[in-house]
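Observations on the model geometry
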Amino acid sequence: MGTDTPPVRAFAQGTGVLLQGVGMTLFLSTCCVCSLAGLWDPVASRAQVIERLGQGRPIGVTLGDLFHQPAKAGMMLMVMFMTVGGLAMAGFGLGLQSDRPRSAWWAFVTTVLMLVVLSLAGTGLWVDQASWAVRVWHGLLTLTVAVIVGFTWVALRQSLAHPPPPELVSAPDLDTDAKD
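Cut-offs applied
Residues numbered from 1 in each chain as written. Predicted model: local features only at pLDDT ≥ 70, side-chain atom pairs only at ≥ 80, totals over all residues. Heavy atoms only, no water. Helix = DSSP H or I, 4+ residues; strand = E, 2+ residues; numbered from the N terminus. Expected span 1.5 Å × (residues − 1). Core = buried A, V, L, I, M, F, W, Y, C linked by side-chain atoms within 4.5 Å. Buried < 20%, exposed > 50% of the residue type's maximum accessible area, 1.4 Å probe, protein only. Salt bridge = Lys/Arg side-chain N within 4 Å of Asp/Glu carboxyl O. Phe/Tyr/Trp six-rings, centres within 6.5 Å; stacked < 30°, edge-to-face > 60°. Lys NZ or Arg CZ within 6 Å of the ring centre and 35° of its normal.

**Quick notes on helix 4 (residues 70-97)**
In this model helix 4 runs 38 Å from its N-terminal to its C-terminal C-alpha over 28 residues, within 8% of the 40 Å that 1.5 Å per residue would give. Directly beyond the C-terminal end of helix 4, a positive phi value near 65 degrees is found at Asp99.

If you want it as structure tokens, here you go:
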């Protein structure tokens, strides 16, 4: 039996796999929440839209409405940024798994930004009267992202201490076949 030593960036690669799984779960789950938005924010009927147009009132949600309804703003922030952030986590997780040098930085920055956005969204959700289901979902998301920030910090430190070799970064020259 040989004594195989693990790769020096094994934790970073494992964090990449974790980011891919959690990122795609966030992306798909918040897409589903977004598609169900009509349940808590029903679409105006045609008659209501025509009435609002006749009165000169805006159709839809304005920026001022979001200040008066912090729970709605918090939910919007949470759904929008967890969808985009989940997709970014999955992409940078793939980069971490395949030893791309800047992926550790971007994974860390992405998860920290997601935590900041979740904090802002939570302010709106907990100050205003959001449902308990949304508050629990927010709490679970915040806890998950906070743990992942720790994982990406360790992966970043490992990637900085043991950077990937340059031959992993360079792309092959595609014009060599045309010259022969």
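Further notes follow.
**Here's the deal with the nonpolar core**
Core analysis: the largest hydrophobic core is formed by 26 residues, its most contacted members being Met75 and Met78. For this core, the secondary structure elements donating two or more residues are helix 1 (10-35), helix 4, helix 5 (103-127) and helix 6 (132-161).

**Digging into the pattern of salt bridges**
According to the stated counting rule, one finds one salt bridge in the structure shown. Two residues, Arg9 and Asp99, come together in a salt bridge whose shortest N-O distance is 3.1 Å. With Arg9 in the segment before helix 1 and Asp99 in the loop between helix 4 and helix 5, this pair connects stretches of sequence that are 90 residues apart. One exposure class covers both Arg9 and Asp99, and it is buried.

**Here's the deal with the packing of aromatic side chains**
In total, this model carries four aromatic pairs according to the counting rule given. Geometrically, the ring pair formed by Phe108 and Trp153 is tilted, given 5.4 Å between the ring centres and 50 degrees between the ring planes. Taken as a pair, Phe108 in helix 5 and Trp153 in helix 6 lie far apart in primary sequence, 45 residues in all. Classification of Trp153 by relative accessible area gives partly exposed; the value is 41%. The interplanar angle of 75 degrees and the centroid separation of 5.7 Å between the aromatic rings of Trp126 and Trp132 together place this pair among those described as edge-to-face. The class for Trp132 is exposed, based on a relative accessible area of 58%. The aromatic ring of Trp132 is capped on one face by Arg135, whose charged end is 4.9 Å from the ring centroid.

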